[in-house]
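Residue-level structure breakdown
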Amino acid sequence: MIEVEHYEKNYRETAAVRGLSFDVPAGAILGLVGPNGAGKTTTLRALAGIIPPSRGRLRIAGHDVVQEPTAAKSQLAFIPDEPQLFDVLTVWEHLEFTASVYRVPAFEPHAERFLTQFELTEKRDTIAQELSRGMRQKVAICCAYLHQPQVILFDEPLTGLDPRGIRTLKASIRERAEAGAAVIVSSHLLDLIDDLCSHLLILHRGQSLFHGTIAEAKCRLK
């Protein structure tokens, strides 16, 4: 579902990512870890089509992110660490807008289910600027799930969530993966990676130090 081949990203004289290659199959949850400046967010933003790669090839569900941007983006969802909502739209209007953009027919039952799952039903008519940080995160996640993406990218997804929200998010990620989605979770929280992910990619200064299953990573540490 996710294919990265010899990906590089340069900012003038600075190499943010250098020669990175990895893949994430359907149903897998990849934990992306590394110190600040390792290239995690740069990699996610390139996969989402927000920034272009300097070199290499990135594919989403078989579609080249650069050559087929619309087809690639139609199959993915990206939830950044700071979700950008429309301040004057209500929670439900965000879902309506997302359904319109992705041309999701009869979206209402799915939207209602996500609102219930993330405990947002009572906030459906609340405008975004009146929501807490955690609730804004939940709205972004509900919108991301609405078009049933085959690829889901999370950048520090637990920011602002309370313990109950964290449990709900983890369960929803597992549910998406079991349904066949390929998921990447970027986080500094190793407990989250160990509890949730099936695979691990460790970055340092834009290069891969390890890529494999969580079980393989644990064997190396023994």
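Residues numbered from 1 in each chain as written. Predicted model: local features only at pLDDT ≥ 70, side-chain atom pairs only at ≥ 80, totals over all residues. Heavy atoms only, no water.

1. What to know about the overall build of the chain
- Secondary structure assignment for the chain yields 8 helices and 10 strands.
- A compact globule built from 222 residues should have a C-alpha radius of gyration of about 17 Å, and the chain, at 17 Å, falls within 12% of that.
- Expressed as lengths along the three principal axes of its C-alpha atoms, the size of the chain is roughly 45 × 40 × 30 Å.
- Counting all 222 residues of the chain, 48% fall into the buried class.
- Contacts spanning at least 24 positions in sequence make up 68% of the contacts within the chain whose residues lie at least 6 apart.
- Carbon and sulfur atoms provide 50% of the accessible area of the chain, an area that totals close to 11000 Å².
- Of the side-chain charges in the chain, 25 are positive and 27 negative, and the distance between the mean point of each set is 5 Å. (Helix = DSSP H or I, 4+ residues; strand = E, 2+ residues; numbered from the N terminus. Rg over C-alpha atoms; globule rule 2.2 N^0.38 Å. Buried < 20%, exposed > 50% of the residue type's maximum accessible area, 1.4 Å probe, protein only. Contact = heavy atoms within 4.5 Å. Areas by Shrake-Rupley, 256 points an atom, 1.4 Å probe, with all protein chains shown as cover. Lys, Arg positive; Asp, Glu negative; His and termini not counted. Charge placed at Lys NZ, Arg CZ, Asp CG, Glu CD.)

2. A closer look at the pattern of salt bridges
- In this structure the tally under the stated criterion is 13 salt bridges.
- Note that E5 and R59 form a salt bridge whose closest N and O atoms lie 3.1 Å from each other. On the criterion of sequence distance, the pair formed by E5 in strand β1 (residues 2-11) and R59 in strand β4 (residues 55-60) is long-range, its members being 54 residues apart.
- Residue R176 pairs with E175 through a salt bridge whose shortest N-O separation is 3.4 Å.
- Note on R176: relative accessible area 8%, which makes it buried.
- Three or more residues joined by partner-sharing salt bridges are found here, namely E3, E5 and R59. (Salt bridge = Lys/Arg side-chain N within 4 Å of Asp/Glu carboxyl O.)

3. Some words on a negative patch on the surface
- A grouping of E93, E96, E108 and D125 is seen on the molecular surface, where their side chains present a negatively charged patch.
- Along the chain, the position of E96 falls in helix α3 (residues 91-101).
- E96 gets classed as partly exposed once you look at its relative accessible area, which sits at 37%. (Patch = residues over 30% accessible without salt bridge, like charges linked within 9 Å, V, L, I, M, F, W, Y side chains within 5 Å.)

4. Points about the sheet that holds strand β10 (residues 207-213)
- With mixed pairing, the 6 strands of this open sheet are ordered in space as β6-β7-β8-β3-β9-β10. Each edge of the sheet is formed by a strand with only one pairing partner; in this case those strands are β6 (76-79) and β10. Ignoring which end each strand starts from, the neighbouring axes of this sheet average 15 degrees apart.
- Two elements, strand β3 (residues 29-33) and strand β9 (residues 199-204), share 4 bridges in a ladder whose sense is parallel. Its bridge partner being in β9, L32 is matched across the sheet by L201.
- Contacting β3, β6, β7 (151-155), β8 (182-186) and β9, helix α1 (residues 40-47) runs over the sheet at an angle of about 150 degrees to β7. (Pairing = 2+ DSSP bridges. Axes fitted to C-alpha atoms, helices over the stretch in contact; angles between N-to-C directions.)

5. Regarding the environment of E130
- Structurally, E130 is set in the loop between α4 (108-117) and α5 (133-145).
- Residues E130 and V88, spaced 42 residues apart in sequence, show a C-alpha to C-alpha distance of 9.3 Å.

6. Looking at a nonpolar patch on the surface
- Taken together, the side chains of F86, F97, V101 and Y102 define a hydrophobic patch exposed on the protein surface, amounting to about 380 Å² of accessible area.
- Examined against the element boundaries, Y102 turns out to sit in the loop between α3 and α4.

7. Things to note about the nonpolar core
- Counting 44 residues, the largest nonpolar core has L95, Y145, F154 and I173 as its most contacted members.
- The greatest single-element share of this core, amounting to 7 residues, is contributed by α5. (Core = buried A, V, L, I, M, F, W, Y, C linked by side-chain atoms within 4.5 Å.)

8. Concerning the sheet that holds strand β2 (residues 14-24)
- Pairing is antiparallel across the open sheet formed by 4 strands, whose spatial order is β2-β1-β4-β5. On the outer flanks of this sheet lie β2 and β5 (63-64), each paired with one strand and no other.
- In the sheet, β4 pairs with β5 via 2 bridges, with the strands oriented antiparallel. Counterpart to I60 in the pairing with β5 is H63.
- Strands in contact with α1 are β1, β2 and β4; relative to β1, the strand with the most contacts, it is inclined by about 115 degrees.

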